[in-house]
Every structure is written in structure tokens, then in C-alpha cells.
Amino acid sequence: MATTPDNMSNKANPKRQLYADVVHDPVTSVLPQGDIPYTDHAMDNDEAVITALGYKQEFKREFSLWSTFCVSFAVLGLLPSFASTIYYGMGYAGTAGMVWGWIVAMVFIQCIAMSMAELCSAMPTSGGLYYAAAVLAPPGYGPFAAWITGWSNWIGQITAAPSVNYSLSAMILAAGSIYDPSYTPTQWQVFLLTTLMMIIHTVISSLPTKWVASFNSWGSTFNMIALVAVIIAIPAGTKNEPKFTPSKDVWGTITNLTDFPDGVAVLMTFVGVIWTMSGYDSPFHLSEECSNANIASPRAIVMTSGVGGLMGWFLQLVVAYTVLDIEAVIDSDLGQPWASYLLQVMPRRTAMGILALTIICGFSMGQGCMVAASRVTYAYARDDCFPLSRWWKKVNPRTQTPVNAVVLNTVLGILMCLLILAGDVAIGALFSIGGIAQFVAFAIPISIRVFFVGHRFRRGPWHLGPFGPYIGAVGVSFVLLMVPILCLPSYTGRNLTPDVMNWTCLVWGGPMLAVTIWWVIDAHKWFAGPKVNVEHNIHPIREESSMIVTLGEEIDGSSQPVDTSSQSM
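Residues numbered from 1 in each chain as written. Predicted model: local features only at pLDDT ≥ 70, side-chain atom pairs only at ≥ 80, totals over all residues. Heavy atoms only, no water.

Within an unreviewed UniProt entry, the label attached to the protein chain reads Amino acid permease, and the organism entered is Aspergillus candidus. Under the Subcellular location (unreviewed entry) heading, UniProt states for the protein chain: "Membrane". (UniProt positions renumbered as here; feature names shortened; annotations may be inferred.)

(A) Geometry of the overall build of the protein chain. Within the protein chain one finds 21 helices and eight strands. Considering only contacts within the protein chain whose residues lie at least 6 apart along the sequence, 81% involve residues at least 24 apart. Carbon and sulfur atoms form 64% of the exposed surface of the protein chain, whose accessible area is close to 22,400 Å². (Helix = DSSP H or I, 4+ residues; strand = E, 2+ residues; numbered from the N terminus. Contact = heavy atoms within 4.5 Å. Areas by Shrake-Rupley, 256 points an atom, 1.4 Å probe, with all protein chains shown as cover.)

(B) Layout of the pattern of salt bridges. Under the defined criterion, the tally for this structure stands at five salt bridges. The shortest N-O distance in the salt bridge between lysine 248 and aspartate 249 comes to 3.5 Å. The partner of aspartate 384 in a salt bridge is lysine 393, and the shortest N-O contact between them spans 3.4 Å. (Salt bridge = Lys/Arg side-chain N within 4 Å of Asp/Glu carboxyl O.)

(C) Local environment of the packing of aromatic side chains. This model, assessed by the stated rule, comprises 29 aromatic pairs. Seen from their ring centres, tryptophan 100 and tryptophan 251 are 5.1 Å apart, and the 80° between their planes marks the pair as edge-to-face. Of this pair, tryptophan 100 sits in helix H3 (residues 78-122) while tryptophan 251 is found in helix H8 (residues 247-252), placing the two residues 151 residues apart along the sequence. Among the residues examined, tryptophan 100 registers a relative accessible area of 43% and is labelled partly exposed. (Phe/Tyr/Trp six-rings, centres within 6.5 Å; stacked < 30°, edge-to-face > 60°. Buried < 20%, exposed > 50% of the residue type's maximum accessible area, 1.4 Å probe, protein only.)

(D) Representation of the packing of helix H4 (residues 129-136) against helix H19 (residues 433-451) within the structure. Look at H4 against H19: their axes get within 9 Å of each other, and the N-to-C directions meet at 30°. Regarding the angle of H4 to H19, the classification is roughly parallel. The two elements H4 and H19 meet at a crossing, and its hand is left-handed. For the pair H4 and H19, contact is made by Leu129, Ala132, Ala133 and Leu136 and by Ala441, Phe442, Pro445, Ile448 and Arg449, respectively. (Axes fitted to C-alpha atoms, helices over the stretch in contact; angles between N-to-C directions. Parallel < 35°, antiparallel > 145°, perpendicular 65-115°, else oblique. Left-handed = near helix turned anticlockwise from the far one by under 90°.)

(E) Geometry of helix H5 (residues 142-179). Here H5 spans 56 Å end to end across 38 residues, near enough to the 56 Å set by a 1.5 Å rise per residue. At alanine 160, H5 shows its maximal kink, close to 30°; a proline, proline 162, follows between one and four residues later. For H5, the buried fraction is high: 33 of the 38 residues fall into the buried class. (Expected span 1.5 Å × (residues − 1). Bend = angle between axes of the 7 residues up to and from the residue.)

(F) Molecular detail of the side chain of threonine 304. Residue placement: threonine 304 occurs in helix H12 (residues 293-322). Among all residues touching threonine 304, those that are not within four sequence positions of it are Phe69, Ser72, Phe73, Leu76, Met277, Tyr280 and Gly309.

(G) Broad picture of the nonpolar core. Of all hydrophobic cores here, the largest spans 141 residues; its most connected members are Ile109, Met123, Tyr280, Trp338, Tyr341 and Leu355. Of all the elements, H3 adds the most residues to this core, at 23 residues. Of all hydrophobic cores here, the second largest spans 19 residues; its members include Val71, Val164, Ala293 and Met370. (Core = buried A, V, L, I, M, F, W, Y, C linked by side-chain atoms within 4.5 Å.)

(H) Structural detail: the environment of leucine 343. Here leucine 343 shows up in helix H14 (residues 337-345). Taking the C-alpha atoms as reference points, leucine 343 and lysine 239, 104 residues apart in sequence, are found 9.9 Å from one another. When neighbours within four sequence positions are excluded, leucine 343 is seen to be in contact with Ile178, Lys239, Leu334, Arg348 and Ala351.

(I) A look at the side chain of histidine 463. Following the sequence through the fold, histidine 463 ends up in the loop between H19 and helix H20 (468-486). Histidine 463 sits in the buried class, given a relative accessible area of 4%. At 3.0 Å, the side chain of histidine 463 and the backbone nitrogen of glycine 465 are in polar contact. (Polar contact = N/O pair within 3.5 Å; in protein donor to acceptor, adjacent residues only side chain to side chain.)

(J) Representation of the packing of H14 against helix H15 (residues 348-382) in the model. H15 packs onto H14 with a crossing angle of 150° between their chain directions and a minimal axis gap of 8 Å. Comparing the axis directions of H14 and H15 gives the class roughly antiparallel. Here H14 and H15 pass one another in a crossing that is right-handed. Each of Trp338, Ala339, Leu342 and Leu343 in H14 lies in contact with H15, whose residues at this interface are Arg348, Ala351, Ile354, Leu355 and Thr358. When the residues that make up the contact of H14 with H15 are grouped by side-chain class, the tally is seven nonpolar, one polar and one charged. (Nonpolar A, V, L, I, M, F, W, Y, C, P; charged D, E, K, R; others polar.)

(K) Structural detail: unusual backbone geometry. Each neighbour pair has its own omega, and for glutamate 241 with proline 242 the value is 0°, a cis peptide bond. If you trace the backbone, proline 242 turns up in the loop between helix H7 (209-237) and H8. Despite not being glycine, asparagine 292 has its phi angle at roughly 55°, a positive value. Here asparagine 292 lies in the loop between helix H11 (282-285) and H12. Its relative accessible area of 37% is what places asparagine 292 among the partly exposed residues. Although it is not a glycine, leucine 388 adopts a positive phi angle of roughly 60°.

(L) Spatial organisation of the state of the cysteines. Evaluation of the coordinates by the stated rule reveals zero disulfides. Residue cysteine 290 stays outside any disulfide, its sulfur separated by 8.4 Å from that of cysteine 120, the closest cysteine. Residue cysteine 290 is classed as buried on the basis of its relative accessible area, which comes to 0%. (Disulfide = S-S within 2.5 Å.)

(M) How the structure looks around the environment of leucine 286. Position of leucine 286 relative to the elements: it lies in the loop between H11 and H12. Taking the C-alpha atoms as reference, leucine 286 lies 7.6 Å from threonine 125; in sequence the two are 161 residues apart. Excluding residues within four positions of it along the chain, leucine 286 makes contact with Phe63, Val71, Val371 and Arg375.

(N) Summary view of the environment of methionine 346. Here methionine 346 is to be found in the loop between H14 and H15. Overall, the relative accessible area of 0% leaves methionine 346 in the buried class. In this structure, the C-alpha to C-alpha distance between methionine 346 and glycine 237, residues 109 residues apart in sequence, is 6.5 Å. Excluding its chain neighbours within four sequence positions, the residues that come into contact with methionine 346 are Ala233, Ile234, Gly237, Thr238, Lys239, Ala351 and Ile354.

(O) Structural view of a nonpolar patch on the surface. Taken together, the side chains of Trp188, Leu192, Val407, Val411, Leu415, Leu418 and Leu421 make up a nonpolar region of the molecular surface, amounting to roughly 640 Å² of accessible area. Those elements that place two or more of their residues in the nonpolar patch are helix H6 (187-205) and helix H17 (403-417). Note that tryptophan 188 resides in helix H6. Accessibility expressed as a relative area gives 51% for tryptophan 188, which makes it exposed. (Patch = residues over 30% accessible without salt bridge, like charges linked within 9 Å, V, L, I, M, F, W, Y side chains within 5 Å.)

Next comes the structure, spelled out in C-alpha cells:
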């Protein structure tokens, strides 16, 4: 929407200016109160919203609700994610830890997802949580809140694709070992195959938005079909006699393989859920490429978390009821617990077929992670967060996608994958930070919205009504509980050796400490948070029947709150 002043013109630009009708665009903007963005052409609703947030429309909006959901569901990659984290689910607390841990964790994760969706509806930008933290923070603290949120989120994002591709490569080579028991993959082979996967995903993520959306739609559709097929095939084709473990053993017997009490061991199983479910923020970062973004993007967030959580739990139940020997799965010479489990309960040919489906889904997941991470890098570079930001924020004129940001993430990912050559401890330490980095970034703007923002938060068309602050508080409390749990090793005392140490606190805390010191020493002098890149006028423009103002300003001398209840949850 736009309105056209009849008697206003810009001295520097003789063209008649069109002002963003922010009165009818319920957004919480970084623009100073009283500023009115304008452009030199008519705007549809999506462009009016992004302009009201202070940004030019630079991407083509070729993602729909479905294609946005497909990207985020591909980032979850439930089947390959479960295959990669099965060690944590059953290896800490057995089958009871799997089935109870997943469903309990998902209740809290859904609270975080709904609170994030509410922020997305009010601020549908590719900067996502970073932008929200800057806008909502108390006066004077916005840049620092954005800095910490942005760096934590970015660290989690750029490690996602390399970690997925590393797991995918290890799975492919493990399949080779199953076919030829004399073959033993080397670390160099894993590294080279991971690098090849990264390059392929780079090419796909650099294509025009329409092609990327189409690829992810097909990949995510296959992902969902494969997941349903596996959930059906395992109980139908298991060679166990009897087929299923009794329910009392599945639900009631905690097999604690840690040195901690049973309750703590169950909490430690949440790491698998958190790592798997850390990608539902992708629609937030794709919102500038999505049509009807302030409704479609939050819906995609909630759909991803809800559908992913439910289907992931079904998969947990299937495995819990069919696994025979947990320790044999965890300690298998194959080095792949998922492959070991499949060979334990399925005929060899069927097991290999399911493993092949998992590999294909893993490829789609890695590509979705690459797309999401590139949009985050672009958004932060647009606000000059990084050295040489002017290069990383460029949008390719032919594809209309941030190709430079994609290439940067690829180079960094390949460099990180060199840790494969240092052994399992080093590579495991690097990729264990994804869950904690993402959820800390999720929690910061939500906690600001719940505890500090007050009336400054203006709900978008998708919202939680009066329950928003309470739901957000539950989600933030969960993150505060889980941060120390995610840093616990499996063993204590003399059993704790460097090769079983949990290095998460170091590999995530180290970089975050470094960027905090950077802020104190230098960055606070030049980093001011999200940078507006649209022209704007600080003086309100009066029309014959209305006054164009930013949200929260007075209309004709009286406070008139904008009705944003057109669409709730």
C-alpha cells in the first residue's frame, strides 16, 4: 500500500515521492519515531512492510508459504538429523530417555517457536532475531543486543551445512564399508567428499530464487515421504522375534549410560532434539523473499516446529520399540549408530535401502542449511557487521541472490572441515555448538520482548494475543536450563578423559568471548545495529483525510493505536 502526497517533492529528486503507508503495516521498526520511509514507485503490501522496517526490497518474492516451509523442513532434515544424533537419544538414557525426552523437550521448543513467529510477524526481515534484538532492547543497548544475538546466530548458521555434509559423507562411506567389509574410509576421503558436497550446495544456493525454492520444495517433499516410509517400513519389516519390545520396558526403563543421575541423563538426551529442531528459524531469514511475509513466514515457523516435532517423535517411538541392544548400536565398529541399528533390526538389503533414503534426505538438508546461512550472512553484512561487508552484502544482478555471501560461507565451511583431519574429537567439538549457539540467539530477543520491551512491541497480524509474554517466558526458562546441560560431558571424575570431553563450552564460548571483547575495545564505536537503507522523512505528511506517521505516533493529536488483531494464531 502507498499514498501519494499531492504537493510534496524532493529537491534532490524531482520525481513525485510515494510514502510507505506504515499506519496500515503493523511492524516494529528500527526507524526513529516520526520518520516516514518513501520511494519513487508504487508498492505492494510486502514492499510497504519491508520499507517501513527501513530496508529496500532487493529480492524477488518467489517463496510461498509452502516453499518457505519446505526450506525450513529441509533444514530440520528429521531423518538424517535423527540418524546423526541417535547416539545422544539412546546413548544417554536408553529408550525411556528417547520417548520421554523428545516429547517433553518439544513442548518447550514449541513455545520458543511460537514466540519467534510473533516476532517474525512484526519484523519480517532476513536479519531475523538480530533485527528484533536491536529494535526491542532498552534504549542504548540495542547495538550490543544485536551484536551478541547476531554473532551467536551466525556461528550456529555457518556450522550447520558443514556439520550436515560431514555426517552425510561419513554415512556414504559407511555404506561402502557395509558392502565391502575390507574397505576402511580414511579421514582424507571424508574431507574430500564433504568438500564436494559443500561445492554442489554452493552452486544450487546461488541460483535464482525461483529455482532454489523449487529445488527445496522437491527435496523437502522427498524428505517427508522418505520419513513416512521409514516410520512404516521399520516396524513392518523388522526381523525381531518378537517384533516389538514391551511398552513397560520402552517407557519405564531408563538405561543410564552416563555418570550423572537418571534425571540429568534424561535432560542430556534433549541435545538431540535441540540440534534437530534448531532450523525452524529459517522462514524468518527468508521473509524478504516470501510473499505475504508477515503472515506466511510466522506460519511456516510454527508449522516446521509442530510437524517436525510430531513426526520426529513417531520416529523415536519406532526405534525405541524395535532396538535390541543399545550398547551394540552405540559401540559398533561401523562408527554410524544409525547404520548399526538398521543392520541389527532389518534384513541387510532393506537396511541399505533405508540408509540410502537417509543419505538423499541428508543432501537436501545440507542444501537447505546453506540457503538459510547465506541469507543470514547477507543480512548481517548489510549492516556492516563483518570485515569487507561491502562484498558480502552484494546481490547478484542476474540471479537476484546473495552469491558472495554463499561463497563466503562455503570457504569458511571447508576451512572448518579441515578439523576432520585432526580426528573425531576435534570435528565433534566444532559441530556440537550448533544447538547452543542457535537457541541462545533465539532466547535473547524473546527474553527482551518478555521482560523489557513493554509497550514498544507492536504485534503483527500473526500473534499470540495476551498469552504471548507467558509463552515466551516458558521458552526462555527452558533455554536457561539447557545451556549448562548442553555443556555437560557423559562422564565425571577419573572416567573423564580428553577424548570423551564435551568441548561445547569452549568452541562456542571462546568465539563469543572474543566478539564481546571486540565490542568493548572497538566495535561499539562504529556498530550501531541495523542500518536503514531507504530514504525517509522525519516530518509527518498530512493528507486531506489522514496523517502518515510511524507506528505509535499520534494521529490528529490523539493517540490511536493501530488494530493488529486482523489475524492471530
